Amino acid sequence: MKDNYEKRIEDLIQKMTLEEKVGQLQQCGPSLVGAFEVSFEELLDMMFDGRISQEEFERLMSTAEQDFHEEDLRAGRIGSYNGIGDAATANRLQKIAVEETRLGIPLLFGYDVIHGFRAVTPIPLAESCSWDEKLWERTARMAAEEATSAGVHMTFAPMVDAAKDARWGRVSEGAGEDVLLNALYGAAKVRGFQGEDLTADDAMAACVKHFAAYGAVEAGKDYNRVDMSMQRLYEEYLPAYKACIDAGARAVMPAFNDINGIPCSVNEWLLRKVLREDWGFDGMTISDANAIGECVEHGIVCDRKSAAKAALEAGMDMDMTSNVYVEELAELVRHGELSESVLDLAVENILRVKFELGLFDHPYQTDEEREKATLLRPQYRELAREAAANSMVLLKNEEYHGAYSSLADGGFKPILPLKTGTRLGIFGELAADRGEMTGAWAIGANAEDCVSILDACEARGISYRYSQNGENMLKIASESEVLIAVLGEKKDESGEAASRAAITLPETQVKLAWDLLKTGKPVVIVLFNGRPLAIPDLAENMPAILEAWHPGIEAGNAVLDILFGDVNPSGKLTVTFPYASGQCPMYYAHINTGRPGGKSKFTSKYLDAPLEPVFSFGHGLSYTQYEYQDLHIEKEKSAFRICVSVKNVGSFNGAEVVQCYVRDLAAKRVRPVRQLKAFKKIEIAAGEKRVVEFTIPFEELGYYDWNMNYVVEPGEFLFYVGGDSRCTLCEKVILE
C-alpha cells in the first residue's frame, strides 16, 4: 500500500507547477470581511485591551462574513485549512479542491481539538491527574469520532511540553511537570486520535506540539526564550515528543520559542537532525500560527523572504497562516536562491499524510447526517463526566468538630463526603457560569452544553441557597449545613497568552472564603482553574479543598459526584503547588545543591517562604486510607523488580495511584532528588491488600554525561514507593 502511494506522490510532484507545489505548503484560515473596518486580529486586541466588551466583539462577529479564499483554492494555491469545524463547509471546500483544481489534490482540514470537540473533557492538566492511560486514550478516541464527523482530519494535539513553572498559562494544555507522565499521556492521546487504522473515517492525524521545550520558557512568560543545557533538554523535555513519534504521530508542530538562540521554526538541528535522522520521522511538520513570519521579530532573519528560505531549508513543511511561503517560495526557487528539491521534499511529506488518511481515495469522509448523529452522544457525556470526576484532586479534608459531622459515639469524621440531604449554601460566580467550565482551548464548545454546579443541584433535587458575591451570607449560612465556596480562574486566565506574574486568587475571592469560615459552618472550597495556584492561607485554614480544575461540559455533575461520595476521589497532582509565586519554577525533581535547604541560614531557600510546597507532586486524598508495607527489591539480569503491599485500611472502596521514584546517590552529573520511574493505578476494596510490582530496567537509570553520551553507571540508588512524591518507604540497591 505504502509503495503504491509513494509512487503516486512522485508522479504528482512531477506534474505540479511551482505554484501548485507551494500551494500544498499553505494552510489557510478563513478571514473575516464586510462587518467592520479593522482586521480580525485588531478586533481581538480591542477586546483583550478592554476597548470593546466581549458582547460587542460577539455582535460584530455575528455580522461578519467568512472569506475562504476560494479563487486561490481553485488555482491550487491552498493545501490545507485551519479552524473549519463543520461538515457542510469542509465538504464544500473539498469539492472545489477535488473537482475544480487541475490535479484534484484533496484538502487537509486541521483544528485545535485539545480536550474534546463538542463533548469537552477536562483540560489536559486536569486529566493527567487521573494517572490513567486508558482514560486518556478513550477520551482522545471520543474526540476523534466527534471531530471527524465535522470534517476534521488533523488535530493540533497532544501538547507534551513538560511545564515546571505555574506562571506559564499553557501549563493547562499538557500533563504537568514530569517527563514520564508527559510521554505516557502523549502516546495515549496519539493512539486515541489516530485509532488502529488512519484511513478510517473516524481517525484523525495527531500533531504533537510544541517541539521543543516550550514549557521551559524563561520566567513562565509565553513565547519567551528557552536556554538550557543539551543534557537537560534530552533528559527532561525531548523524551515526551519522542514517545509520541514512536506511538505513530503523523505531524509535528515546532514551537514559537527559540532553543539556545535558534527559533524552532528555523532550527535545522531540531527538525532534520533530531526529528528525522535520529528518530526516523517521515510525517509532516507544520508551523504554529504566523511563527515563520515572526522569525523576523526574533532577529534570526532580516525579512520575510529570508524567513521563508530558512524555515523550508530547516525542515518546516507547512506554513500556518503567515502567508510567507505562498508569497516568497516560488520566486526564491526561480531566482536560484532555493533548491526546488527542498520544496519537493516538503510537498512529499504533506502528500504522504493525505494519502495515509485515505483522502485521495475517499475525500468526503463525513456528511451533515453523520455529524448530527455523532456530536454529544449520551455515551460521550457519560465519558466526559467520568473523566472529570477521575481528574479531580481532593487536596484537603479535615475532621470537623461540629454538629454536622458528629458520629453517634461522639467521634468526628471529615467533612467530605457529604451526607445525602445536606442543605448547601453555595457562593461564587463560577458556581453558576456554564461557559467557564470548559477552560482554555475548547473552541468547539457551546456554553449551553455545559452543566454548572447549580444546574447539577437542580437536577438532583439538592436543597441549596446561592449567592454570587456573598450577599445575604449570614442568612444563607443560617439555613445551610455546609457552605461551598467556588473559587478560581476564568478560562481566559490560563492557556495561551495567559501567563501570570502572580498565581494567587483575587482578594475578593479570598475574603469571601474567610467570611464564610467566620460563620462557624463547615466550608468546602471548590477550585476551578487551569494552573497550580499559590493558596497557602486557604490550605492551612480551610477544612476541605477540592481541586476541580476546568472539568468540561459535565463539570457540575462531576463535582457533586465527588462531594457526595458517589465517586471516591482518586486524582493525584501532576504539578507542584508552590507557597508563593516567587518560588516558580517549583517542581519535585530538583537537584539537591551543595547546600540543600534547611534551618541553617546559609542554605538554598527563601527568607519569606517555607522549603516545602503547599501541595506536592503526586499528592491527592481519598475517602479511604492506604497503608504501604513490605517493600522488597530484587536485582534481576537487566532490571530491578520492586514489590510492595498496599492495603485499604479505610471503609470505602477506592483506587490508589502507587508511585515509584528513584534517586541516584552519586554520579558524574548531579541527579534529581527523586525521579518518577513507574506508577500503577489499582482498585482496592475496603479491607483488601494487594501486591504491586514494578520492573525498572537498568537502562532507565542512566543519564547524559558532559559529552552527551548516555551512560548507566554502577553505584547506589534509593527506590521510594508510596502515594506521592514525599513517600518515605524506601530501600537502597547497588548496581554493579
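Right, let's walk through the structure included here. None of the values given here were measured: they were computed from a predicted structure. (Residues numbered from 1 in each chain as written. Predicted model: local features only at pLDDT ≥ 70, side-chain atom pairs only at ≥ 80, totals over all residues. Heavy atoms only, no water.)

A word on the pattern of salt bridges. If you walk through the whole model with that rule in mind, you get 59 salt bridges. In this structure, the salt-bridge partner of Asp-561 is Arg-385, at a minimum N-O distance of 2.8 Å. Of this pair, Asp-561 sits in helix H22 (residues 555–563) while Arg-385 sits in helix H17 (residues 378–391), and the two are 176 residues apart along the sequence. On the basis of relative accessibility, which here comes to 7%, the residue Asp-561 falls in the buried class. Judged by its relative accessible area of 29%, Arg-385 is partly exposed. The partner of Glu-479 in a salt bridge is Lys-475, and the shortest N-O contact between them spans 2.7 Å. Each of Glu-70, Glu-71, Arg-74, Arg-92 and Glu-100 takes part in one network of salt bridges that share partners. (Salt bridge = Lys/Arg side-chain N within 4 Å of Asp/Glu carboxyl O. Helix = DSSP H or I, 4+ residues; strand = E, 2+ residues; numbered from the N terminus. Buried < 20%, exposed > 50% of the residue type's maximum accessible area, 1.4 Å probe, protein only.)

Read from one edge of the open sheet, six strands run S13-S18-S17-S16-S14-S15, paired in mixed fashion. Two strands lie at the open edges of the sheet, namely strand S13 (393–397) and strand S15 (464–467), each paired on one side alone. Across the sheet, the axes of successive neighbouring strands diverge by a mean angle of 20 degrees, strand direction being ignored. Here four bridges tie S13 to strand S18 (residues 544–547), and the two strands are oriented antiparallel to one another. Across the sheet, residue Asn-397 finds its bridge partner in S18, namely Ala-544. Across the sheet, helix H20 (residues 507–518) is in contact with strand S14 (424–427), strand S16 (482–488) and strand S17 (523–528); its angle to S16 comes to roughly 170 degrees. (Pairing = 2+ DSSP bridges. Axes fitted to C-alpha atoms, helices over the stretch in contact; angles between N-to-C directions. Contact = heavy atoms within 4.5 Å.)

Here we come to the environment of Asp-67. Looking at the element boundaries, Asp-67 is found in strand S3 (residues 65–67). Residue classification places Asp-67 among the partly exposed positions, given a relative accessible area of 28%. Spatially, the C-alpha atoms of Asp-67 and Pro-30 are 5.4 Å apart, while their sequence positions differ by 37 residues. A distance of 2.9 Å separates the side chain of Asp-67 from the backbone nitrogen of His-69, its partner in a polar contact. (Polar contact = N/O pair within 3.5 Å; in protein donor to acceptor, adjacent residues only side chain to side chain.)

Considering the arrangement of structural elements, one finds Arg-170 in the loop between strand S6 (154–155) and helix H9 (179–194). When its relative accessible area of 1% is taken as the criterion, Arg-170 is described as buried. Polar contacts involving the side chain of Arg-170 include one to the side chain of His-210, which spans 3.4 Å. Separated by 3.4 Å, the side chains of Arg-170 and Glu-496 make a polar contact.

This part is about the packing of aromatic side chains. Applying the stated criterion to the full structure yields 22 aromatic pairs. Here the aromatic residues Trp-131, Tyr-588, Phe-617, Tyr-661 and Phe-679 are joined through ring pairs into a cluster of three or more. Against the face of Tyr-720 rests Arg-674, its NZ or CZ located 3.5 Å from the ring centre. (Phe/Tyr/Trp six-rings, centres within 6.5 Å; stacked < 30°, edge-to-face > 60°. Lys NZ or Arg CZ within 6 Å of the ring centre and 35° of its normal.)

Looking at the secondary structure, you find Asn-91 in helix H6 (residues 87–100). Among the polar contacts listed, one links the side chain of Asn-91 to the backbone oxygen of Thr-366, at a separation of 2.9 Å. Not counting residues within four places of it along the chain, the set of residues in contact with Asn-91 comprises Tyr-364, Thr-366 and Asp-367.

Okay, H9 next. Count 3.6 residues to each turn of an α-helix, and residues three or four apart come out pointing the same way. Along its 16 residues, H9 runs 22 Å from first to last C-alpha, staying within 8% of the 22 Å computed at 1.5 Å per residue. Residues of H9 that are buried include every one of Leu-181, Asn-182, Ala-183, Tyr-185, Gly-186, Ala-187, Ala-188, Lys-189, Val-190, Gly-192, Phe-193 and Gln-194, and no others. Check the buried side of H9 and you find it contacts helix H7 (124–128), helix H8 (133–149), S6, strand S7 (205–211), helix H10 (230–246) and strand S22 (675–684). In the segment just after H9, Gly-195 is the residue with positive phi, at about 65 degrees. (Expected span 1.5 Å × (residues − 1).)

Most often, soluble globular proteins have nonpolar side chains that are buried together. Counting residues in hydrophobic clusters, the biggest one holds 134 residues, and the most contacted among them are Phe-211, Leu-329 and Trp-549. Among the elements that make up this core, the one with the highest residue count is H10 (nine residues). Grouped together as the second largest cluster of nonpolar side chains are 38 residues, Ala-388, Ile-453, Tyr-464 and Tyr-623 included. (Core = buried A, V, L, I, M, F, W, Y, C linked by side-chain atoms within 4.5 Å.)

What follows covers the sheet that holds strand S21 (residues 654–664). As summarised here, the arrangement of the four strands in space is S22-S21-S26-S27, forming an open sheet in which the pairing is antiparallel. Each edge of the open sheet carries a strand with a single partner, namely S22 and strand S27 (730–735). This sheet shows a mean twist of 20 degrees between the axes of neighbouring strands, independent of strand direction.

Right, let's get into the environment of Asn-4. Checked against the element boundaries, Asn-4 lands in helix H1 (residues 2–15). Through-space distance from the C-alpha of Asn-4 to that of Glu-356 is 11 Å; in sequence the pair is 352 residues apart.

Here we come to the environment of Ala-203. Within the element layout of this structure, Ala-203 appears in the loop between H9 and S7. Considered as a pair, Ala-203 and Leu-375 are 172 residues apart in the sequence and their alpha carbons are 15 Å apart. Discounting chain neighbours no more than four positions away, the residues touching Ala-203 are Arg-141, Thr-148, Phe-193, Gln-194, Asp-197, Leu-198 and Leu-357.

For H6, with 14 residues, the first-to-last C-alpha span of 19 Å sits near the 20 Å given by 1.5 Å per residue. Burial in H6 covers these residues: Ala-87, Thr-89, Ala-90, Asn-91, Leu-93, Gln-94, Ile-96 and Ala-97. Taken together, the buried residues of H6 touch helix H5 (70–74), strand S4 (80–82), strand S5 (108–111), H8 and helix H16 (368–374).

Okay, the state of the cysteines next. Taken as a whole, this structure holds zero disulfides when the rule is applied. Here Cys-207 is not cross-linked by a disulfide; its sulfur's nearest cysteine counterpart is in Cys-244, at 10 Å. Sulfur of Cys-264: no disulfide; nearest cysteine sulfur belongs to Cys-295 and is 9.4 Å away. A relative accessible area of 0% means that Cys-264 is categorised as buried. (Disulfide = S-S within 2.5 Å.)

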